[in-house]
Protein chains: 2
Amino acid sequence: MIEHPAYTVEPWCLRETELNLTVLAQSESVFALANGHLGWRGNLDEGPHDLPGSYLNGVHELHPLPYAEAGYGYPESRQTMINVTDGKIIRLLVDDEPFDPRYGELTAHQRVLDLREGVLRRTAEWTSPTGRRVRITSTRLVSFTQRAIAAVRYEVEPLDDRTSVVLQSELVANEHLPGGDGDPRAAATTASPLQHEQDFAQGTRLRLVHRTERSKLRIAAAADHIVEGPEGTTTSAESEPDVSRLTVAATLAPGQVLRLVKFVSYGWSARRSLPEVHDQVDAALAAARSTGWAGLRAEQRGYLDNFWACGDVEVHGDAQVQQAVRFGLFHVLQAAARGEERAIPAKGLTGTGYDGHSFWDTESFVLPVLTYTAPQAVAPVLRWRHTTLPAARARARQLGLEGAAFPWRTITGEECSGYWPAGTAAFHVNADIADAVLRYVAATGDEDFEKGPGLDLMVHTARLWRSLGHHDTEGVFHIDGVTGPDEYSALGRDNLYTNLMAQQNLRAAAEMALRHPQHARELGIGDEEAALWRDAADKMAVPYNEALDVHEQSAGFTRFQPWDFDGTGPDKYPLMLHFPYFDLYRRQVVKQADLVLAMQTRPDAFTAEQKARNFAYYEPLTVRDSSLSACTQAVLAAETGHLRLAYAYLREAALMDLENLEHNTRDGLHIASLAGTWIALVKGFGGMRRHGRSAAFAPRLPEQLNRLCFTVVLRQQALRVEVTGSAARYLLLGDEPLEITHHGEPLPLTPSVTVERPIPPARSQPEPEQPPGRRPAGARKS
Amino acid sequence: MIEHPAYTVEPWCLRETELNLTVLAQSESVFALANGHLGWRGNLDEGPHDLPGSYLNGVHELHPLPYAEAGYGYPESRQTMINVTDGKIIRLLVDDEPFDPRYGELTAHQRVLDLREGVLRRTAEWTSPTGRRVRITSTRLVSFTQRAIAAVRYEVEPLDDRTSVVLQSELVANEHLPGGDGDPRAAATTASPLQHEQDFAQGTRLRLVHRTERSKLRIAAAADHIVEGPEGTTTSAESEPDVSRLTVAATLAPGQVLRLVKFVSYGWSARRSLPEVHDQVDAALAAARSTGWAGLRAEQRGYLDNFWACGDVEVHGDAQVQQAVRFGLFHVLQAAARGEERAIPAKGLTGTGYDGHSFWDTESFVLPVLTYTAPQAVAPVLRWRHTTLPAARARARQLGLEGAAFPWRTITGEECSGYWPAGTAAFHVNADIADAVLRYVAATGDEDFEKGPGLDLMVHTARLWRSLGHHDTEGVFHIDGVTGPDEYSALGRDNLYTNLMAQQNLRAAAEMALRHPQHARELGIGDEEAALWRDAADKMAVPYNEALDVHEQSAGFTRFQPWDFDGTGPDKYPLMLHFPYFDLYRRQVVKQADLVLAMQTRPDAFTAEQKARNFAYYEPLTVRDSSLSACTQAVLAAETGHLRLAYAYLREAALMDLENLEHNTRDGLHIASLAGTWIALVKGFGGMRRHGRSAAFAPRLPEQLNRLCFTVVLRQQALRVEVTGSAARYLLLGDEPLEITHHGEPLPLTPSVTVERPIPPARSQPEPEQPPGRRPAGARKS
């Protein structure tokens, strides 16, 4: 829990009313601004910083991956997202006292992340140790419309006396970063990742160009300023290798304001020359300055108005969840909006957790939300995966496999996982990518994408599965030695999630090849190969324990020794920090929804009764030591009629970062879990599932919520869904009719005509137990 | 293959008649001398060296174990056996030209490892670049009777002209070592592991005392010399931190000899002070000097005469195997004789391969030989394991288990394995230790050992198994997630070898506790606990494929995908250097005998028909990428009637190091494989098995051998077994009658009365195939 007066609960913003330096790092994450290309952590303008962070999507350094005992095919190089040149810094001197909340007295403090305006606003009133009182107001944005641009408007005014103030607006490279605390989920830090190439300061303009040593990336940052102050205000610029600085000095009478607007532009390239890159940032800067502060603000608002019109979710009955789902959607958008063929890191651009790597989270948690709320952001991400296909094909060859083996964790597409049983062996990432392709194509009908990169991705992943699995003597197709989503199991046989997702992958690849015979021929797919895919899919093993009448997470799982939950105290979680993998892997203990996720992603593969029984069986085994779990459990709890429990899981997903439930929000936000709030609401209480090229809905609300409205984009049309306790109303805002289903009943929708259907009651069933002490965190307040 | 004129084939020595510097490192390993406490590689006295090596059993340095992704319970510290002060070096200058075989001309060279004398003799004739001819003769020993002592007698004489010679006899610390070549089986080298504490040189005496930085071990080496030369011979001594040197100068006429006898003593301690340690080495030196060179030689011969009387094996029909089995026994003795509560490293004290670590090789391959040939060397090794019980108990607690979890690889008893699926998960090492206890107690009747450390080891390993396994709903006891001997499988369920060895461990612990109720009570064992052990043993899962009618290496193994042997070229072996573990683990491919080893160690658990079918099934899957495999396959091939194949495996085991079959003899000898030659002969063609407190024999020779004689020590009596093609003769040399079995028939033996029994013919069966290209190396010459 973030132990400070919690953020106020407001529908469209996140407001902090007190500055608590002990939780500074968490607030730096939640107040981060980004646009998918450029990210600025919510660091205080003047400092102090806990973890200063300015990130450019894709900018990383390489380090050798160390092994106590090396092995064939182990990745040699670790990629680490680095903190680039910091353009946020504006230092303030008040009569020669540096403004620092640790000295003097901070009599007022407020920060507001405005989810509609897309800005971080801050006001502070400070009395210096020598008794000078000033008011500071700053507003910061990272532009959605001009992806290279961030900007700050900073104002200072004296409250009592005539006061001399100095502002130092800087670009700083190689900031000091705190050392790692040994948590494997935190990133390796590099002392000085940036090598100086050029520094420049003239007039109100600053520029620094640096290069990384091993990854050979050139990074430029430039700033320009508009200064407004009383007569006598002076400016001077100076530069050294790692700092470029504009100094503004003024003497202010009470009522007088010194105002600085700082435009910052970033650029980077692995190939372009120094002049090319510095011209690029100067040009972006000129454009931004020409747009101006007010212009940037207006563009930002326009971009977000458009986003919320297509993607907003209204929650009535729980103001915290209302705030959280918008907070989550905003950060998901920030992680993805302008990535443009770059990955979406697990922490977005909000911190260096997980080294800035992208995992299956992208395709399985983030893209499901964007596909239905901001579909234009999805194709670039999948195109990014497609750009990494050569690396994935090389990796497959290295592993002795056909097709492509996409990496478990990466920035550029090369595998960076240093622990293969939970990395390389987690082949399901390939089916997750294929699933994202299918979802995107079904939801948008983007045929150009489908027959281009889409088909290519489907085919290479299908080839992987065909070569990874094998038939047994009875003709059953098995996939052995792989690791599913649950990281407390590894190297199992026939992981159910993996097998079902591979089955879908194989079948869909064959179908897609049939739909695009010309492109299929270019990829060398003949009828025989497609037949092999269909056959493997048809014969796919689906492990099931007949005696218990439940599916098995992997073959033999239900016969493993139970975990001793009663003997596991609350201080022993997360289990992976207190028990060896050896012990976790051989027991019935589940870190995160695995089979339960399969029931969400492959709802057709289970009967309603099986879903209910499976959920009841796995629920008491699932400890949720992963932030990816709660939202999935919410969805299946809702589907199986456990609405109270689903609501508790929804709240846990919603509050993951706002209440720092995983204790590592400081390293960055859990973007997938933030997406999970939407998933829990829309897929859980909205009961939305993919249904051919349309969608199925089976809405049903918990008693705590009295109304849920959401809009999803389906084939370029917005579909507005409003759910109350008794009925659901569907309104299609578009030109083309669309057939959906409501609780299994086909429901043709005509544009602009609201259709209402009653909600059938849920079957009453005993609620499954969680492991002792592992009830959803959200349940505490329910 | 060592590509030089092979060693001559002689029954009692290994002779090299030419110096080939390209294979210098291998020869340094095969010519190593050691006594279990102190080891000197067979480095040339004057150099050059490929891998200089002087080792003290237990002397190691610590290094952090690096992990790309850390995990709970991962060992933090790597222990690495270090090269200590080199006392072997005697440099020779001939008229100011250093004697170096790379310059001038080496007109004669011979090295002889004499297996009865226990010395390494060397003669060389060299013409210096300026034309001076000299003859050098040196004899080196590492004393079996004075464990701190090594000694060299070095002679030089001019062959043509009056010649000025200088000898520099040195102690050298921190010798330069070649860098590793990246093979994970080689050791991490440390540039300068020894920190200077004291150096001393006076008269003919030298001393160096150093300390290791992190392991905090104090190491002293001292030398004294006897110089015999013509009048005018001078000596001088000098010392600096890492070199202490005696220089002897003489001018020799033809016929005159300069002779140096160098006594070297070593001592080390983690606790004793500098004066204590240097007094210790000085005292050992004084004792050795008092014994004198001739005395040391006589003691050495006496020690070995005694050993060979109890342990020799005579092989008629294959002179190479005859030589190899004695070479192997000699090195096994050298690895263990005077270890005195230290481990037996996998490479003995012959090189730094595997970091000088000890594995299960000790208990499962080396001790079986020593138990029946030099039983007095066995108890100290098991007592060493017992001294590490506190570490093993702590490790078990760390892993959440009861009892003791002995390390997979270690020097001091702390786990040093950096890859847990093939380290920590290989719990069978615990049952292997218990098996060694049972074997030793059965063979010797050493009751003091049994009720002391023996019972303690049995009980703590039994407790481990009981807590590691669990009963399923039908009451079957399973051990999940463990790795058996085969390193191409990991984390399987119910590894057959592990389960059967654990079963024996559990049963025997209960029986032993019953035999020693007083000691059992002290260990807190009640009737209930013993009952739990018996029950788990009785209900132990034994995976069996009914359709194929064979046992499974682990549950489900026989349903894994077959390895594509036909598509695997000869350049792809060892497989682990060309394929990922991921792929190896999920297929039917076996690195080393696993289930086949179980049939040797638990012969009672299989019918003869099962053994034959199992052997036939696993043989085509076993690639023998481990030097531990061939001897086990030899034993079971012999038992199942495949005598020609058994003979080929015997030869492969026998020639492992002599012909460098694994291409890493340079890093040290494969002590377990050297022991394997004896195992293949005695357990294979002698058909010897443990049988209660006596032994069973089922001898049968391949047609290539016409006679096999061996002596084993059973309960302090020597039993001589002579096998020919048609009959076996047993002669008990002792006072007490003993009942053995011969091909299943009980055979009471009376002391000094030879009993002869005919050998029943082997059943004729088709010989199983090996994977393509993986026929035993020994088969090439058969």
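Residues numbered from 1 in each chain as written. Chains lettered and ligands numbered in written order. Predicted model: local features only at pLDDT ≥ 70, side-chain atom pairs only at ≥ 80, totals over all residues.

Under the annotation held in an unreviewed UniProt entry, chain A carries the name Glycoside hydrolase family 65 protein and is attributed to Streptomyces caeni. Quoted straight from UniProt, the Sequence similarities (unreviewed entry) entry for chain A says "Belongs to the glycosyl hydrolase 65 family." (UniProt positions renumbered as here; feature names shortened; annotations may be inferred.)

Chemist: Explain the overall build of chain A residue by residue, including any values.
Modeler: In terms of helices and strands, chain A carries 17 helices and 35 strands. Relative to a compact globule of 782 residues, whose C-alpha radius of gyration would be 28 Å, chain A shows 27 Å and is just as compact. Here the C-alpha coordinates of chain A stretch approximately 90 × 60 × 55 Å along the principal axes. Taking all 782 residues of chain A together, 59% fall into the buried category. (Helix = DSSP H or I, 4+ residues; strand = E, 2+ residues; numbered from the N terminus. Rg over C-alpha atoms; globule rule 2.2 N^0.38 Å. Buried ≥ 20, exposed ≤ 12 C-beta atoms within 10 Å, placed from the backbone.)

Chemist: Report on the UniProt feature "domain: Glycoside hydrolase family 65 central catalytic" (unreviewed entry) in chain A, specifying residues and quantitative values.
Modeler: Within this structure's numbering, the places UniProt gives as "domain: Glycoside hydrolase family 65 central catalytic" (unreviewed entry) are residues 326-678 of chain A. Structurally, residues 326-678 of chain A comprises 50% helix and 3% strand, and the distance from its first C-alpha atom to its last is 9 Å.

Chemist: A description of the packing of helix H8 (residues 447-468) of chain A against helix H9 (residues 496-515) of chain A should follow, citing residues and the corresponding values.
Modeler: Residue and element names in this part refer to chain A. Remark: H8 packs on H9, axes separated minimally by 8 Å, with the N-to-C direction vectors making an angle of 135°. In terms of their interaxial angle, H8 and H9 are classed as oblique. Considering only the axes of H8 and H9, their crossing is left-handed. Of the residues in H9, those touching H8 at Glu450, Leu455, Met458, Val459, Thr461, Ala462, Trp465 and Arg466 are Ala502, Asn505, Leu506, Ala508, Ala509, Met512 and Ala513. In terms of residue class, the contact of H8 with H9 is built from 11 nonpolar, two polar and two charged. (Axes fitted to C-alpha atoms, helices over the stretch in contact; angles between N-to-C directions. Parallel < 35°, antiparallel > 145°, perpendicular 65-115°, else oblique. Left-handed = near helix turned anticlockwise from the far one by under 90°. Contact = placed C-beta atoms within 7 Å. Nonpolar A, V, L, I, M, F, W, Y, C, P; charged D, E, K, R; others polar.)

Chemist: Can you tell me about helix H6 (residues 389-398) of chain B, naming the residues and giving the values?
Modeler: Residue and element names in this part refer to chain B. Restricting attention to buried positions, one finds in H6 the residues Ala392, Arg395 and Ala396. With its buried residues spanning 100° around the axis, H6 presents them on a single face. Structurally, H6 contributes buried residues whose contacts are with helix H8 (447-468). Two residues or fewer after H6 comes Gly400, characterised by a positive phi angle close to 80°. (Arc of directions from axis to C-beta.)

Chemist: Describe the nonpolar core, listing the residues and the values that go with them.
Modeler: The biggest cluster of nonpolar side chains holds 488 residues, and the ones touching the most others in it are Val366 of chain A together with Val366 of chain B. Once residues within four sequence positions are removed from consideration, Val366 of chain A is found in contact with Val332, Ala335, Ala336, Ile344, Asp361, Ile671, Ala672 and Ala675 of chain A. (Core = buried A, V, L, I, M, F, W, Y, C linked by C-beta atoms within 7 Å.)

Chemist: Please provide a residue-by-residue account of the relation of the copies chain A and chain B, values included.
Modeler: Note on the copies: chain A fits chain B at an RMSD of 0.1 Å, the axial shift is 0.0 Å, and the rotation between them is 179°. Taken together, the rotation and translation relating the two chain copies correspond to the operation of a two-fold axis. Minimal C-alpha distance to the rotation axis in chain A is attained by Tyr67 of chain A, lying at 2.6 Å. Both copies present the same face, since 100% of the interface residues in chain A are matched by interface residues at the equivalent positions in chain B. (Least-squares fit on C-alpha atoms with pLDDT ≥ 70 in both.)

Chemist: Tell me about the interface of chain A and chain B, residues and numbers included.
Modeler: Chain A puts 39 residues into the contact, and the matching count from chain B is 39 residues. The biggest single contributor to the side of chain A that touches chain B is helix H12 (residues 581-585) of chain A, with four residues.

Chemist: Could you give an account of the confidence of the model for chain A, with specific residues and numbers?
Modeler: Looking at chain A, the pLDDT average stands at 95 and 97% of residues meet or exceed 70. Two numbers describe this predicted complex: its pTM, 0.94, and its ipTM, 0.90. (pLDDT = per-residue confidence, 0-100.)

Chemist: Kindly report on the UniProt feature "domain: Glycoside hydrolase family 65 C-terminal" (unreviewed entry) in chain A, identifying the contributing residues and their values.
Modeler: The UniProt record marks residues 688-747 of chain A with the feature "domain: Glycoside hydrolase family 65 C-terminal" (unreviewed entry), using the residue numbering of this structure. In the segment residues 688-747 of chain A, helix accounts for 0% and strand for 63%; the C-alpha atoms at its two ends are 14 Å apart.

Chemist: Could you give me a rundown of the sheet that holds strand S14 (residues 163-172) of chain A, with the residues and numbers involved?
Modeler: All names here are of chain A. Strands sit in the order S9-S8-S14-S19-S18 across an open sheet of five strands; the sheet is antiparallel. Two strands bound the open sheet, and with one partner strand each, they are strand S9 (97-98) and strand S18 (234-240). Pairing of strand S8 (residues 90-94) with S9, which is carried by two bridges, proceeds in the antiparallel orientation. Across the sheet, Leu93 pairs through a bridge with Pro98, a residue of S9. (Pairing = 2+ DSSP bridges.)

Chemist: Describe the sheet that holds strand S18 (residues 234-240) of chain B, with residues and values.
Modeler: All names here are of chain B. Reading across the sheet, the five strands line up as S9-S8-S14-S19-S18 and stay open at both edges, with antiparallel pairing between neighbours. Single-partner strands in this sheet number two, and they are strand S9 (97-98) and S18. In terms of strand pairing, strand S8 (residues 90-94) meets strand S14 (residues 163-172) through five bridges, oriented antiparallel. Its bridge partner being in S14, Ile90 is matched across the sheet by Ser169.

Chemist: So what's going on with the environment of Ser54 of chain A? Which residues, and what values?
Modeler: Residues and elements named next belong to chain A. Looking at the element boundaries, Ser54 is found in strand S5 (residues 54-56). On the neighbour-count criterion, Ser54 (28 C-beta atoms within 10 Å) is buried. In sequence terms Ser54 and Ala34 are 20 residues apart; their C-alpha atoms lie 9.5 Å from each other. Those residues in contact with Ser54, other than ones at most four positions away along the chain, are Trp40, Asn83, Val84, Thr85, Asp86, Gly87 and Lys88.

Chemist: Account for the pairing of strand S20 (residues 258-269) of chain A, with residues named and values stated.
Modeler: Residues and elements named next belong to chain A. Taking burial as the measure, the 12 residues of S20 include 10 buried ones, the bulk of the element. One ladder, built from eight bridges, connects strand S13 (residues 149-158) with S20; its direction is antiparallel. By the bridge assignment, Ala151 is partnered in S20 with Phe263. In terms of strand pairing, strand S17 (residues 218-228) meets S20 through 11 bridges, oriented antiparallel. Bridging across to S20, Ile219 finds its partner in Trp268.

Chemist: Explain the environment of Asp527 of chain A residue by residue, including any values.
Modeler: Residue and element names in this part refer to chain A. By the secondary structure assignment, Asp527 is in helix H11 (residues 527-538). For Asp527, a count of 11 C-beta atoms within 10 Å gives the class exposed. Taking the C-alpha atoms as reference points, Asp527 and Phe560, 33 residues apart in sequence, are found 42 Å from one another.

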